[in-house]
Amino acid sequence: MKYENTSDSKMIAKMFYRLLPLQIILISIGSVNSIIDGLFATNMIGQLAIGATGMFWPISKLIDTIGAVMLGGSQILCGQMMGKNQVERSKSVFTLDILVIIGFGMLMTVLCLFLPDQISSVLGAHDELQKVLSDYICGYSFGMIPLMLGTQLAAFMQVERQEKRTYFGIGAMLVVNIITDYIFVAVLKWGTYGLGIATSISNWVFFVVLGSYYFTSKVIIKFDMRHIILHDIVDIVRIGAPGAVGQLCLAIRGQLMNRIILNYAGENGISAFSAINTFGGFYYATTAGVAAATRLLVSIYVGEEDKTGVVMIMKTALTKGVGIVAGAAGVFMLLALPLTYMFFRPDAGELFEITKWGFIIFPMSMPLSCIYAIYSNYYQCLERIHIVNILSVFDGVLALVGCSLLLAPIYGMMGVWYSQVLGGVITAAVILIYIIIYNKKFPTSFLQILTLPKDFGIPVSDRIDITVRSIDEVTALSTRIMEFCDKHGVDSRHSNYAGVSMEEMAVNIIKHGFNDGKKHSIDIRVAYKGDKLILRIKDDCRVFNPKEAQELFDPADITHNIGIRMVSRLAKSMVYQNTLGMNVLTITI
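Remember, predicted model here, so these are calculated numbers, not experimental data.

S.K.: Can you walk me through the overall build of the protein chain in this structure?
M.R.: Broken down by element type, the protein chain carries 22 helices and 5 strands. In summary, the protein chain has a C-alpha radius of gyration of 26 Å against a globular reference of 25 Å for 589 residues, a match within 12%. Dimensions along the principal axes, computed over C-alpha positions, put the protein chain at roughly 85 × 55 × 45 Å. For the protein chain, the residues scored as buried account for 59% of the 589 residues in total. In the protein chain, the proportion of contacts linking residues at least 24 apart, taken out of those at least 6 apart, comes to 78%.

S.K.: Just to check I follow, could you spell out unusual backbone geometry for this structure?
M.R.: The phi angle of most residues is negative, glycine excepted, and most peptide bonds adopt the trans form. Phi is positive for Glu383, close to 60 degrees, though the residue is something other than glycine. For Glu383, the location among the structural elements is in the loop between α15 (366-381) and α16 (385-411). Under the relative-accessibility criterion, Glu383 is labelled partly exposed at 31%. The phi dihedral of Thr451 is positive, around 50 degrees, even though this residue is not glycine.

S.K.: What is the right way to look at the pairing of strand β2 (residues 522-529) in this model?
M.R.: Along a regular strand, successive side chains alternate from one face of the sheet to the other. Summarising burial for β2: 6 of the 8 residues are buried, a large majority. Relative to β2, strand β1 (residues 463-468) is paired through 6 bridges, and the arrangement is antiparallel. Along β2, the bridge assignment pairs Asp465 with Arg525. Summarising the sheet, β2 and strand β3 (residues 532-539) pair through 8 bridges and their orientation is antiparallel. When the bridges of β3 are listed, Ile522 appears paired with Asp539.

S.K.: Help me understand the pattern of salt bridges in this model?
M.R.: A side chain with one charge may pair with a side chain of the opposite charge, provided their charged atoms come close. Considering all chains together, one arrives at 10 salt bridges under this definition. The partner of Asp135 in a salt bridge is Lys131, with the nearest N and O atoms 2.6 Å apart. Linking Asp135 with Lys131, this pair stays in helix α6 (residues 127-140), spanning 4 residues, or about one helical turn. The class for Asp135 is partly exposed, based on a relative accessible area of 24%. Put simply, Asp235 and Arg238 hold a salt bridge, and the shortest N to O gap is 3.4 Å.

S.K.: Would you take a moment to explain the pairing of strand β5 (residues 582-588) for this structure?
M.R.: Of all the 7 residues making up β5, 7 are buried; the element is thus mostly covered by neighbouring parts of the structure. Across the two faces of β5 the burial is the same, with Met582, Val584, Thr586 and Thr588 and Asn583, Leu585 and Ile587 all buried. With 6 bridges joining them, β3 and β5 adopt antiparallel strand pairing. Across the sheet, Ile534 pairs through a bridge with Thr588, a residue of β5.

S.K.: Any chance you could explain the state of the cysteines here in plain terms?
M.R.: A disulfide bridge is the covalent bond that connects two cysteines by way of their sulfur atoms. The full count for this structure, using the stated rule, is 0 disulfides. As a non-bridged cysteine, Cys381 has Cys78 as the owner of its nearest cysteine sulfur, 13 Å distant.

S.K.: What should I look at first to understand the environment of Asp135 in this one?
M.R.: Counting along the chain gives 109 residues from Asp135 to Leu26, while the straight-line C-alpha distance between them is 27 Å. Other than its neighbours up to four places away in sequence, Asp135 contacts Thr192 and Tyr193. A polar contact of 2.6 Å, which involves the side chain of Asp135, links it to the side chain of Lys131.

S.K.: In this structure, what is going on with the packing of aromatic side chains? I would like to understand it.
M.R.: Each aromatic ring pair is summarised here by two numbers: the centre-to-centre distance and the angle between the ring planes. Summed over all chains, the structure comprises 20 aromatic pairs. Between Phe16 and Tyr17, the aromatic rings sit 6.0 Å apart at their centres with planes inclined by 75 degrees, giving edge-to-face as the arrangement. Geometrically, the ring pair formed by Trp190 and Tyr193 is tilted, given 6.1 Å between the ring centres and 45 degrees between the ring planes. A relative accessible area of 39% places Trp190 in the partly exposed class. Tyr193 sits in the partly exposed class, given a relative accessible area of 27%. An aromatic cluster is built from Tyr375, Tyr378, Tyr379, Tyr434 and Tyr438, whose rings are joined through pairwise contacts. We note Lys315 situated over the ring of Phe446; from NZ or CZ to the ring centre the distance is 5.6 Å.

Basis of the calculations
Residues numbered from 1 in each chain as written. Predicted model: local features only at pLDDT ≥ 70, side-chain atom pairs only at ≥ 80, totals over all residues. Heavy atoms only, no water. Helix = DSSP H or I, 4+ residues; strand = E, 2+ residues; numbered from the N terminus. Rg over C-alpha atoms; globule rule 2.2 N^0.38 Å. Buried < 20%, exposed > 50% of the residue type's maximum accessible area, 1.4 Å probe, protein only. Contact = heavy atoms within 4.5 Å. Pairing = 2+ DSSP bridges. Salt bridge = Lys/Arg side-chain N within 4 Å of Asp/Glu carboxyl O. Disulfide = S-S within 2.5 Å. Polar contact = N/O pair within 3.5 Å; in protein donor to acceptor, adjacent residues only side chain to side chain. Phe/Tyr/Trp six-rings, centres within 6.5 Å; stacked < 30°, edge-to-face > 60°. Lys NZ or Arg CZ within 6 Å of the ring centre and 35° of its normal.

Pasting the structure below:
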């Protein structure tokens, strides 16, 4: 019999859509705080204040650099470990991630607290602008450690299925930031120092809300100093290194763009650029949220060596994900005028006009940026460090800075806005060139666009993937599995128990998990790898209760679930984990 290998695209899309909103919000946290600070700065302190907060951007990117290395590397490595059912190993990765972040956060706090004037000078600020920026840096320094820790913890909270706690933490942080901004800026008149202090306090609130969960007994991936594998830090940095290159490029770009704009557009250009960057970070969060959701899913499916799943994830990201970003870009363009009014009034003259055009043109680059972000994270999961670094250099520095150097002397600040879109076109062209070089021809299929290695995953001939959505589809399940096993020379005893056990498990899941009124599905994979038979059953129902497992394998009636009982005795390993809300049971025979 010839089998049609399938995987449930709806299940993957469901996970993608569930991950996406929180990923966007998490990435936009800093931007939302910047918007709040920007409004208080421009309306209660002055135009120099918003310019100062904008010039702080390279420092923010430097902080993000270390965070990106550790988060990217640890998240991908944890995803791969979970895909391989090595849950304990993921605890070592998580612990090392947190320890490094604490160390770097302490270093940055000391530097910004004791050397704010020197840092302001390096950023290009002078005279009165330097004083305003130094005050902001000093106040901001107190919240660097919780900011970095909170970002790391938030990324792992989705693995823990703690979305509600994360949303609460975000809400509490925003409310506290608004209240403390009002107290320190409007009431106490602390200026930009007050802005920084307010942000620091809100960062601590966010960290405390999330961090308190890790002191409970519910944690899956725990902080555990006793079982650290030091070599994991090498893998974290190696896999996460492209994130460092990307963030460093953005930091360098911020420094160079500040100087280009000052030279060709003056202080009005800097203020307009700062206003756009305040929301620009939010625009970036939309594209990066799609990429982050993609990275999290791809890392797990790469660990499972599930080629079909990887293809479906990328199809979802490059169609639905980019479509969502394009829709968001259209909304932002329509809101250009009211967004401009949030910072400046028409009597600001040229400043008002160039800011308005920035809000109109900048969103046009979002879909292109999304394609870059998706591919960059995807290649990072495949550990293709060279192309990720090349894309980071083009997107981070060469494309935008190069175009700005050509167009800003001619068109002033408008040339900078045009360069945002042209830079995205150049980076997309680099991706296409890489795909052509990899395939040694122009791609003619989606698989060629993905440039997956030919030997990636378990060959179609050595696996069978079956999606079950109802009890009617279970009927022939055991027969299909047994025929597959027989085809690969598995002895009749193992073959029979594999087929019967998978059918029994599917029936149990449908009986106990499909009764909540929602649409569910079960993905079953049977693979023959080496001399091992691997059975994996995955569903999107409620979290599996270990006590129910004991009842399942130890009923009073010894004839109940006999297939599951026997396969559990024959198994070399049986590993259960809940991954991103999916129950995954993997049995190796």
